[in-house]
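# A look at the structure
Here are the chains, one letter per residue:
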Amino acid sequence: MKQLVIFILGLLSISLLSSLINLDDTIKCSDNGCNGQYIGAEFINRSDIAHQFSNKMSAKVGDKLKELFKVGKYSKVDFDHIIMTTKGMGSGNVTYYLEIPFKRVNTKCEAYTSFDHVGGWNHKPALKSRKSQLKNVVIGHQELAISNLKTTPEGLQEYWIQWKNKATQSMCK
């Protein structure tokens, strides 16, 4: 329970800081995926501002997957074709570009409707911790679907995670 409270407080503080900086201005989603970029400071007061773009993208992708699901366009993220680039690391300003493609699936229970990530700059992502934080979001016997580690030459490392949303896909027990 304590971990869940800390996790939620962390998300809220990141959300507040991100909304002040307006990181999601360039995120665009279609039926085929979401893409966008963050251009700006790497860090502000030792807070990893550029990496918070991954949080904004994850929220937009989850929203779009749910939207597609509701209109019968069952989809999931195509992990193999995610594009992640970072340019300008170490200069004080970075351009972080993300492209998260979708692929169609045949049935509502093959689809995924929630999306997240775990990662950071120049350190191994805390995947075990994130899996523990997300263990109660999956439906019944379902498991988190986790991408291979994606890394940019400048040192950004991310695992991308998707799962069936309990509320949206309750019929998929």
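Scroll up a little and you will see the structure.
I will try to describe carefully the structure that is included in this document.

Alternating positions in strand 6 (residues 83-87) separate cleanly, Met84 and Thr86 being buried on one face and Ile83, Thr85 and Lys87 remaining unburied on the opposite face. Of the pairings in the sheet, the one linking strand 6 to strand 7 (residues 93-104) comprises five bridges and is antiparallel in character. Paired with methionine 84 across the two strands is leucine 98, which belongs to strand 7. With antiparallel pairing between neighbouring strands as the criterion, strand 6 and strand 7 make up a hairpin whose turn holds five residues, including glycine 88 at a positive phi of roughly 95 degrees.

So, about the pattern of salt bridges. A complete count under the given rule lists four salt bridges for this structure. Between aspartate 116 and arginine 130 there is a salt bridge; the shortest N-O distance is 3.9 Å. With a gap of 14 residues between them, aspartate 116 in strand 8 (residues 114-121) and arginine 130 in helix 3 (residues 127-134) connect regions that are remote in the sequence. One network of salt bridges, with partners in common, ties together Asp31, Lys64, Glu67 and Lys73.

Right, let's get into the state of the cysteines. By the definition in use, this model includes two disulfides. In this model cysteine 29 forms its disulfide with cysteine 34; the gap between the sulfur atoms is 2.0 Å. Every disulfide takes its handedness from the sign of the S-S torsion; for cysteine 29 and cysteine 34 that torsion is 110 degrees, giving right-handed. Residue class for cysteine 34 comes out buried when judged on its relative accessible area of 1%. Covalently, cysteine 109 is tied to cysteine 172 through a disulfide, its sulfur atoms 2.1 Å apart. In this structure the cystine formed by cysteine 109 and cysteine 172 twists about its S-S bond by roughly -90 degrees; its chirality is therefore left-handed. Of the two residues, cysteine 109 sits in the loop between strand 7 and strand 8 while cysteine 172 sits in the segment after strand 11 (156-163), which places them 63 residues apart along the sequence. Classification of cysteine 172 as buried rests on a relative accessible area of 5%.

Basis of the calculations
- All residue numbers here refer to positions counted from 1 along the written sequence of the relevant chain.
- Side-chain atom pairs in this predicted model are given and counted only at pLDDT of 80 or more, local residue features only at pLDDT of at least 70, and totals for whole chains, interfaces and linings cover all residues.
- Side-chain calculation: all heavy atoms of the structure are included, whereas hydrogens and water are not.
- Remark: exposure states derive from per-residue accessible area (1.4 Å probe, protein chains only) relative to the maximum for the residue type, with buried under 20%, exposed over 50%, and partly exposed in between.
- Counting from the N terminus, the helices are DSSP H or I runs at least four residues long and the strands are E runs at least two residues long.
- The pairing criterion is simple: DSSP has to find at least two bridges between the two strands.
- By definition, a salt bridge exists where a carboxyl oxygen of Asp or Glu is found within 4 Å of a side-chain nitrogen of Lys or Arg.
- A pair of sulfur atoms, both from cysteines and within 2.5 Å, is called a disulfide here.

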